[in-house]
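Single-letter residue listing:
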Amino acid sequence: MSDQTETEETKGRLTTRTVAMPGDTNPAGDIFGGWVLSQMDIAAGICAGQRAQSRVVTVEIDRMSFIRPVKVGDILGVYTSVIKVGRSSMEILVEAWVRRNRIGTREKVTEGVFKFVAIGENGKSTPVPKESELPDYVHDWSHGSGI
């Protein structure tokens, strides 16, 4: 387990932010890992959909690491970046960080790589546009500036 704290830089762009609530806890009082995973999948889907300019579906989660627990009252920020683009698939690096008790220390809690496939109107896989074919705002998104 690495010591990832406030001094470490995030990889990617802040894509979603939410507060961990009491209804999302396990019997030990920590936030369920499945809740964190769903927040990461939502953020990764936003990133992949922007890059693909189409509907996307999650097909694989790889290299998932739960580093630290998420507690009630933590603000969970999920950062995403496109790390690989294939014909119709994309790999998205996802990092989840918390701000403890809404104002405290910032810590990395989870990371993983999510793979998506772009889906066309016919419900079948469709090619991801080449980077040169994308609108400017998508370039800004994938390089960490603008939204």
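Given the structure is predicted, the values throughout are model-derived calculations rather than measurements.

What counts and how
- Residues numbered from 1 in each chain as written.
- Predicted model: local features only at pLDDT ≥ 70, side-chain atom pairs only at ≥ 80, totals over all residues.
- Heavy atoms only, no water.
- Helix = DSSP H or I, 4+ residues; strand = E, 2+ residues; numbered from the N terminus.
- Buried < 20%, exposed > 50% of the residue type's maximum accessible area, 1.4 Å probe, protein only.
- Contact = heavy atoms within 4.5 Å.
- Areas by Shrake-Rupley, 256 points an atom, 1.4 Å probe, with all protein chains shown as cover.
- Salt bridge = Lys/Arg side-chain N within 4 Å of Asp/Glu carboxyl O.
- Phe/Tyr/Trp six-rings, centres within 6.5 Å; stacked < 30°, edge-to-face > 60°.
- Lys NZ or Arg CZ within 6 Å of the ring centre and 35° of its normal.
- Core = buried A, V, L, I, M, F, W, Y, C linked by side-chain atoms within 4.5 Å.
- Pairing = 2+ DSSP bridges.
- Axes fitted to C-alpha atoms, helices over the stretch in contact; angles between N-to-C directions.

Enquirer: Just checking my understanding: could you explain the overall build of the protein chain for this structure?
Expert: When its secondary structure is counted, the protein chain shows two helices and five strands. When the helices and strands of the protein chain are listed from N to C terminus, the series reads β-α-β-β-β-β-α. Within the protein chain, the proportion of its 147 residues that are buried is 42%. In the protein chain, the share of contacts with a sequence separation of at least 24, taken over all contacts with a separation of at least 6, comes to 72%. Accessible surface computed for the protein chain: about 7,800 Å², of which carbon and sulfur atoms make up 50%.

Enquirer: I tried to follow the pattern of salt bridges on my own but got confused; where do I start?
Expert: Oppositely charged side chains are able to pair whenever their charged atoms sit close together. Taken as a whole and assessed by the stated rule, the structure comprises eight salt bridges. Asp 30 is paired through a salt bridge with Lys 71; the nearest N and O atoms lie 2.7 Å apart. Of the two residues, Asp 30 is situated in the loop between β1 (13-19) and α1 (33-52) and Lys 71 in the loop between β2 (55-66) and β3 (75-85); the sequence distance between them amounts to 41 residues. Ionic pairing is found between Asp 62 and Arg 63, a salt bridge with its closest N-O pair at 3.0 Å. Where salt bridges share partners, they join Lys 11, Glu 95, Lys 108 and Glu 111 into one cluster.

Enquirer: Hey, could you run me through the packing of aromatic side chains in this one?
Expert: The description of two aromatic rings rests on the distance between their centres and on the angle between their planes. Inspection of every chain in the model, using the stated rule, returns zero aromatic pairs. A cation over a ring is seen here: Arg 106 above Trp 97, with NZ or CZ 4.1 Å from the ring centre.

Enquirer: Mind showing me how you'd approach the nonpolar core here?
Expert: Counting residues in hydrophobic clusters, the biggest one holds 24 residues, and the most contacted among them are Met 40, Val 70, Leu 76, Met 90, Ile 92, Val 94 and Phe 116. If you list the elements that add at least two residues to this core, you get α1, β3, β4 (89-99) and β5 (106-119). Per element, the largest residue contribution to this core is eight residues, and it comes from α1. Discounting chain neighbours no more than four positions away, the residues touching Leu 76 are Thr 16, Arg 17, Thr 18, Trp 35, Gln 39, Val 70, Ala 96, Trp 97, Val 98 and Val 109.

Enquirer: I would appreciate a short explanation of the sheet that holds β5 in the present structure.
Expert: Either a parallel or an antiparallel arrangement is found when strands of a sheet pair, and the pairing is made through backbone hydrogen bonds. Ordered by their spatial adjacency, five strands build an open sheet running β1-β3-β4-β5-β2, and the pairing between neighbours is antiparallel. Edge positions in the sheet fall to β1 and β2, since each of these pairs with one other strand and no more. The sheet shows a mean angle of 25° between the axes of neighbouring strands, taken without regard to direction. Contacts between α1 and the sheet are confined to β1, β2, β3, β4 and β5, with β5 contributing the most and set at about 50° to the helix.

Enquirer: Just checking my understanding: could you explain unusual backbone geometry for this structure?
Expert: The general pattern is negative phi for most residues beyond glycine and trans for most peptide bonds. Look at Gln 53: it is not a glycine, yet its phi comes out positive at around 60°. Note that Gln 53 resides in the loop between α1 and β2. The phi angle at Arg 63 is positive, at roughly 55°, despite the residue not being glycine. Considering the arrangement of structural elements, one finds Arg 63 in strand β2.

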